[in-house]
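# Overview (structure and organization)
Each chain, written out:
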4 protein chains.
Amino acid sequence: MAGSTFGNLFKITTWGESHGPGIGVVVDGCPAGLALNEADIQSFLDRRKPGVSRYATQRNESDSVEILSGIFEGKTTGTPLSMLVRNTSQKSSDYSEIASYYRPGHADYTFDEKYGFRDYRGGGRSSGRETIGRVAAGAIAAKLLAELGITVTAYTQAIGGIEIPDPQCPLELLDINEARNNPTGMPDKETSLKAEAYLKQCMENLDSAGGIIACRVSNMPAGVGEPVFEKLDANLAKAIMSIGAVKAFEIGDGVKVSSANGSSNNDSFRMNDNVNHKITKTTNHAGGILGGISDGSEIILRAHFKPTPSIFQKQDTVNRDGENITVQIKGRHDPIIVPRAVVVVESMTAITVLDLLLQNMTSRIDKIKQFYIK
Amino acid sequence: MAGSTFGNLFKITTWGESHGPGIGVVVDGCPAGLALNEADIQSFLDRRKPGVSRYATQRNESDSVEILSGIFEGKTTGTPLSMLVRNTSQKSSDYSEIASYYRPGHADYTFDEKYGFRDYRGGGRSSGRETIGRVAAGAIAAKLLAELGITVTAYTQAIGGIEIPDPQCPLELLDINEARNNPTGMPDKETSLKAEAYLKQCMENLDSAGGIIACRVSNMPAGVGEPVFEKLDANLAKAIMSIGAVKAFEIGDGVKVSSANGSSNNDSFRMNDNVNHKITKTTNHAGGILGGISDGSEIILRAHFKPTPSIFQKQDTVNRDGENITVQIKGRHDPIIVPRAVVVVESMTAITVLDLLLQNMTSRIDKIKQFYIK
Amino acid sequence: MAGSTFGNLFKITTWGESHGPGIGVVVDGCPAGLALNEADIQSFLDRRKPGVSRYATQRNESDSVEILSGIFEGKTTGTPLSMLVRNTSQKSSDYSEIASYYRPGHADYTFDEKYGFRDYRGGGRSSGRETIGRVAAGAIAAKLLAELGITVTAYTQAIGGIEIPDPQCPLELLDINEARNNPTGMPDKETSLKAEAYLKQCMENLDSAGGIIACRVSNMPAGVGEPVFEKLDANLAKAIMSIGAVKAFEIGDGVKVSSANGSSNNDSFRMNDNVNHKITKTTNHAGGILGGISDGSEIILRAHFKPTPSIFQKQDTVNRDGENITVQIKGRHDPIIVPRAVVVVESMTAITVLDLLLQNMTSRIDKIKQFYIK
Amino acid sequence: MAGSTFGNLFKITTWGESHGPGIGVVVDGCPAGLALNEADIQSFLDRRKPGVSRYATQRNESDSVEILSGIFEGKTTGTPLSMLVRNTSQKSSDYSEIASYYRPGHADYTFDEKYGFRDYRGGGRSSGRETIGRVAAGAIAAKLLAELGITVTAYTQAIGGIEIPDPQCPLELLDINEARNNPTGMPDKETSLKAEAYLKQCMENLDSAGGIIACRVSNMPAGVGEPVFEKLDANLAKAIMSIGAVKAFEIGDGVKVSSANGSSNNDSFRMNDNVNHKITKTTNHAGGILGGISDGSEIILRAHFKPTPSIFQKQDTVNRDGENITVQIKGRHDPIIVPRAVVVVESMTAITVLDLLLQNMTSRIDKIKQFYIK
């Protein structure tokens, strides 16, 4: 079944394997008139590139994007944008051994069960390189949201249990510039150094680490999200959980709500004197969404990433002939994928928010009349 | 925008408000030949009925279902099944006051922002009664899965931080019969009693509580789930997060993976001597899903529910005229919705698993040939 | 597979069999704020009722609609509208014989092949009563379009080759009032009388007749339709061809274009001095659609309906035991379905136009900015 | 709104403009295990190439396809197939003049109305080159259908009113080899020569011609099509009407049914002694579809194409400044698009039939049990 399309009005279709000729995405439904060029996309793609630090693979992946359609005179035309990144540095020989067995924690076994065989080179379609298409599309969504004054910001909240001091603090208290430039993606220099030390230890142990990525949407208008199944939080959950290695999704207070009381978890509404007659909330335990619809406050979500399954310790598994074996994975593998996944979370969030923002434009007849009756 | 349809091949469309004439669902794409009658649906609906215990509202909602189409000679015909539950015990006078202000933690404000006005009676479309349609559909999905030997079992794992002893233990060690008959939905009598005491305390404090619902899918075939966006876990996340009051979703080890190491989080594959040449895993940190595709082991997920927002303490809020006010909600409200939501989680899980199970039937040309070439 | 949902932003899901408890539809995505009551729906349903003339079955089907959700204080709320029509006059005994064989021209055989068995009472899901759901939804779409100044008008253009004098003439030259009140649905009294005589002859011959229904959309804004697959004409074709018994679909000049020349088929653009600086066309061979997008002129389409397959002559067929037999169908059957199908064509057209009208609202970033940035 | 995706389980997403860097398609949901290479695709693309005859443009478009993903070891993997054709011979200078005005019969005006501006080079997205993506996808669908013994065959039935002798005759009586090699695509040499003479006359008149393309699906299994909206004929209608320049769609007897009687239009069922206990029809007025579901006989459809709107005569139109002007189009334009569109009709038919064939696999619980319970 076709599973590589996401979104309704703003719709992305990704394609590509780790070691095929290339990776890409078609973005359909992008409104006409957005100024856009390849540098806009490339700047997003560069944020997920490996080789930035010792905690990412040292492969030299240039990942240069080419826009093949949908742009004319520097603006989007309303027709599909096709984007292509050629695979250049992959060597199939690196991966020939794993053709015969199932790596623990990877999708080798499930792909074989589903499709009868698999492209085993570098994980094929289940490789992290699959996210290139998501990020290229996310760059467009983020730029379009920015035109509406909406910004999406993701960062690493925790690595291996080492967490930034006050995860729920206002966004402006976080050092996002630090996050964009250090090897962990954490918006706090001190915590980042601790996390680096932890990752160094993991590597010495031939082990890997997981982490938490948080994402916030600022200046979000109220009213976005379509009950009862196309709720904003439901779609964000699907978007984020579709990223490889994510095993949990939280919105607002997330897992804490199950042990909270209503008196502390409810957010009071208050009129904001500073903003002209605007209804605001005094707290934001809900993470900006009530009944599946944005409430005008900041959207806060978190994704929990599992540790990289490719570790260099000996592991038990079975081969395609149904024999128990012990294997030791070779090659180049990140001890953690979280820093490179920050921009992926940001991208999937932007894509989802934009799609529902467009859908919300048709919710009231008075607005439709304004649009069509001049 | 239309948001009340869920699923692709097995598709449900729910409708109805708390205080309108009725609530219901259309189930489309149900395969022909399933023996089905109203008692099958009613037994599921009865599990979400209020009035079972002191922790649920004492409203007398009979919630009798009528099947209006799609059945002939006791079997599904392959055409849409329409199911209707009349609203009988609702009194609009109970809710007239809340028309004028926005209850904290509810969707009153966001519905007004989105649609310009709202059906304020009993929460309208955002009422918990909306889940009647989900559960009626879930009863069908669960019965169909049972025909394939697949069972879906949900239960309360925790209430207000009070958790059953070993949440990850094998399903057969849990007392599901206990869970189906006590007022908490917990599969452990002792914990349930503790939770009851806690809830009693909440009620005395005019407060409410949240909790965790776990759900397991047993005897799941491998290969189900469609990368990269229609992954099994991504769709389960959307399904569960679309339920009102859910603020976090976990699969397998869930939030724990972000602080784990690869060496402990990876599940080893081993041949199972007891099952004829079957590949199994020695542990199940992944919760039965690898790369978005079922791996043949048990699927385990958890949903975190926030405390009921309707509490009887005084709360700050604003009214529709934009004035700051203090309110005290009246009426009948569950101090916790978790026990009644167990069957909702079970239903949404069954619906999602079934839909992807059907989608998986088209993944290989050899299987398609077997189907069409006699 | 689920096949009973149509539309994207304005989405309808129909259900129901001829002889089940009822027939209905869920309309999801209807914008909030539309004044609507059951009389609005009933007036549309009454137009497809049998018993109006001797050319329609003499069954007494009251077909009273009940709106079960989505309305509050006389206006749509933006949530799904569920509508129910109880089946009241059906007698299963009428149809027991046809359980054993396949009526020529009906879907009996194909339903058996697809689903393994069928609800044979009155044609089950493939009965003309299925269109009740479409018409109830069409009433809403038409009312909403009327709020935007757009009107949809269908009528019978021809019966058994007897055609109204100038089928492509301006709508205002047709006598739509006549069409709404005579038994043929033709907007020309003289032609209608000829068609009646023809139908009388058909009935005497124990035979049936087909016909053409035309539909026009007036005051259509330009820009509606989404290339390259969700074009306005492509979606209209699907909508109309999904109506039982339609075997051909035409837009504008339709089948005539294949023998025309470009010089005569092209429509010239001209500035309209009467309308302030509006671009118009001097002719409308295109039927109001260029490149799949509305061009601001009238949309004209036609549907060709086959003769009622239920005729009272002896016919050859096979039974479920695979034996060649000769049958003679009994019961009450219209010699033509066209007059009753006029409102069905009008409904499906309205639904399709409205859905694409909503989709078009997101095509330009300047319009999106106007919507969200105050 | 996103409009460039077609299909559900077998889903194609096309992209590209006439004069952008390239044109392509992503095919998602192709079952794993189909032997496939670029030559399979190229042979289809070559059938729509210009330059084959004097009735097609003399542009030298090589249209070489590159498969970028979804293939491993010569077989489809079940993941998306991305295919790219670079635009090589386009010169923007050819088209600079038409930027300022609206060509009659083209989509220039409607694109401007919808998107605010347009890529005017060679028609941009509304160019006939858009069909490259459809044809590349169609090649895959056709190959997969062939594995199931199903063949799809399109050909030119008529040009400018000049029609092959017996359009409804059995497929084996048509000279398809002739059709594949002459400049008209007609399966009858004599008629083809007449049509050529007619086209020569059109060119001398600086005019253009339309025509009819017929398409047949042989060896179609019964049971395919999903009532009531995803009917096989409804989806075929959408697929075919989405092709540029198609203004009418017919299935089986098509427009003739509206003047036929039931006694002649009904197809009798008979047991076929030659095929083991198979139910067949003695005639096929229905075109292989009853109630929206395939009946096991040949599917026959027809598409009516309008004459090429680009003619070299003087034409009246308006420019972007709202002035009435007279223009004379220059450049290279086919006097008829029908011969090159034959493979497009064949492709869209194959894609649609395959998608519904896959959907039908989930219609019965006994078949689902056979699939999952070993």
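By convention here, each chain's residues receive numbers from 1 onward along its written sequence. Following the order in which they are written, the chains are lettered starting with A and the ligands numbered starting with 1. pLDDT decides what is reported in this predicted model: residues at 70 or higher carry local features, side-chain atom pairs at 80 or more are listed and counted, and totals for whole chains, interfaces and linings draw on all residues regardless. In computing side-chain properties, one takes all heavy atoms of the structure into account and sets aside hydrogens as well as water.

### Some words on the overall build of chain A
Our working rule: A run of H or I in DSSP becomes a helix once it reaches four residues, and a run of E becomes a strand once it reaches two; helices and strands are each numbered from the N terminus. Atoms counted for the radius of gyration: C-alpha only. Globule rule: 2.2 Å times the number of residues to the power 0.38. Exposure is judged per residue with a 1.4 Å probe applied to protein chains only, and the accessible area is read against the type maximum: over 50% gives exposed, under 20% gives buried, and values in between give partly exposed.
Of regular secondary structure, chain A possesses nine helices and 18 strands. Over its C-alpha trace chain A gives a radius of gyration of 22 Å, about what one expects of a compact globule, namely 21 Å for 374 residues. For chain A, the C-alpha atoms occupy an extent of roughly 65 × 50 × 35 Å along the three principal directions. Counting every position in chain A, which comprises 374 residues, the buried fraction comes to 70%.

### Observations regarding the relation of the copies chain B and chain A
Basically, it comes down to this: Alignment of the copies relies on least squares applied to C-alpha atoms, considering only residues that score at least 70 for pLDDT in both. Contacts are assigned to residue pairs that have any heavy atoms within 4.5 Å of one another.
Mapping chain B onto chain A is achieved by rotating through 180 degrees and translating by 0.0 Å along the same axis, at an RMSD of 0.0 Å. Between the two chains, the operation in question is that of a two-fold axis. Of all interface residues in chain B, 100% are interface residues in chain A too; the two copies therefore contact each other through one and the same surface.

### Thoughts on the interface of chain D and chain C
Which entries qualify depends on this criterion: Put simply, buried area is the surface a 1.4 Å probe can reach on two separate parts but cannot reach once they are joined, added for both. Salt bridge criterion: a side-chain nitrogen from Lys or Arg within 4 Å of a carboxyl oxygen from Asp or Glu. Whenever two N or O atoms come within 3.5 Å, that pair is a polar contact, provided that in protein one can donate a hydrogen and the other can accept it, and provided that, for residues adjacent in sequence, both atoms are side-chain atoms.
Every contact between the two is made by 109 residues of chain D and, on the other side, 109 residues of chain C. Between chain D and chain C, roughly 8,500 Å² of surface is buried when both sides are summed, and carbon and sulfur atoms account for 58% of that area. On inspection of chain D and its partner chain C, the count reaches five salt bridges. With a closest N to O distance of 2.9 Å, Lys238(D) and Glu230(C) form a salt bridge. The interface formed by chain D and chain C includes 60 residue pairs in polar contact (both at pLDDT 80 or more).

### What about the interface of chain B and chain A?
Contacts between chain B and chain A engage 109 residues on the former and 109 residues on the latter. When the buried area of chain B at its contact with chain A is split by residue, Met1(B), Lys114(B) and Phe229(B) rank highest and sum to 11% of it. Where chain B touches chain A, the interface holds six salt bridges. The closest approach of N and O atoms between Glu226(B) and Lys114(A), which form a salt bridge, is 2.7 Å. Applying the counting rule to chain B against chain A returns 60 residue pairs in polar contact (both at pLDDT 80 or more). Tallying contributions element by element places helix H2 (residues 108-115) of chain B first for the side of chain B that touches chain A, with seven residues.

### Topic: the pattern of salt bridges
Side-chain pairing between opposite charges can occur once the charged atoms of the two side chains come close. A complete count under the given rule lists 87 salt bridges over all chains for this structure. The salt bridge partner of Arg340(B) is Asp334(B), with a shortest N-O separation of 3.1 Å. Across the pair, exposure class does not vary: Arg340(B) and Asp334(B) are buried alike. One salt-bridge network, held together by shared partners, links Arg103(A), Asp108(A), Asp112(A), Arg118(A) and Arg320(A).

### With respect to the side chain of Asn235(A)
Mapped onto the fold, Asn235(A) is located in helix H6 (residues 232-241). If near-sequence neighbours (up to four positions away) are discounted, Asn235(A) is found in contact with Phe6(A), Phe229(A), Glu230(A), Thr352(A), Leu356(A) and Lys238(B).

### Points about the packing of helix H3 (residues 131-147) of chain C against helix H8 (residues 338-359) of chain C
All names here are of chain C. We count it as follows: Here an angle of 0 to 180 degrees is reported between the N-to-C directions of two axes, which are lines fitted to C-alpha atoms, with helices fitted over the stretch in contact. Convention used here: angles under 35 degrees read as roughly parallel, angles over 145 as roughly antiparallel, angles from 65 to 115 as roughly perpendicular, and any remaining angle as oblique. For any pair of crossing helices, the crossing counts as left-handed if the nearer helix is rotated counterclockwise from the farther one by less than a right angle, and right-handed if it is rotated clockwise. Each residue receives one of three labels: charged for Asp, Glu, Lys and Arg, nonpolar for Ala, Val, Leu, Ile, Met, Phe, Trp, Tyr, Cys and Pro, and polar for the others, Gly being one of them.
H8 packs onto H3 with a crossing angle of 55 degrees between their chain directions and a minimal axis gap of 7 Å. Relative to H8, H3 is oriented oblique. Crossing angle aside, the handedness with which H3 passes H8 is left-handed. Each of Thr131, Arg134, Val135, Ala137, Gly138, Ala141, Ala142, Leu144 and Leu145 in H3 lies in contact with H8, whose residues at this interface are Val343, Val344, Ser347, Met348, Ala350, Ile351, Val353, Leu354 and Leu357. A per-class count over the contact of H3 with H8 returns 14 nonpolar, three polar and one charged.

### Examining helix H8 (residues 338-359) of chain D
We count it as follows: By this rule, a helix spans an expected 1.5 Å times one less than how many residues it contains.
Its 22 residues give H8(D) an end-to-end C-alpha distance of 31 Å, which sits within 8% of 32 Å, the value for a rise of 1.5 Å per residue. With 22 of its 22 residues buried, H8(D) lies for the most part within the structure.

### Digging into the packing of helix H1 (residues 38-47) of chain A against helix H3 (residues 131-147) of chain A
Two numbers describe a pair of packed helices, the interaxial angle and the distance between the axes. All names here are of chain A. Running from amino to carboxyl end, H1 crosses H3 at an angle of 125 degrees, the nearest separation of the two axes being 8 Å. Between H1 and H3, the interaxial angle falls into the category oblique. As H1 runs across H3, the sense of the crossing is right-handed. Counted together, Asp40, Ile41, Phe44 and Leu45 of H1 and Ile132, Val135, Ala136, Gly138, Ala139, Ile140, Ala142 and Lys143 of H3 form the full contact between these two elements. Tallied by class, residues from the contact of H1 with H3 come to nine nonpolar, one polar and two charged.

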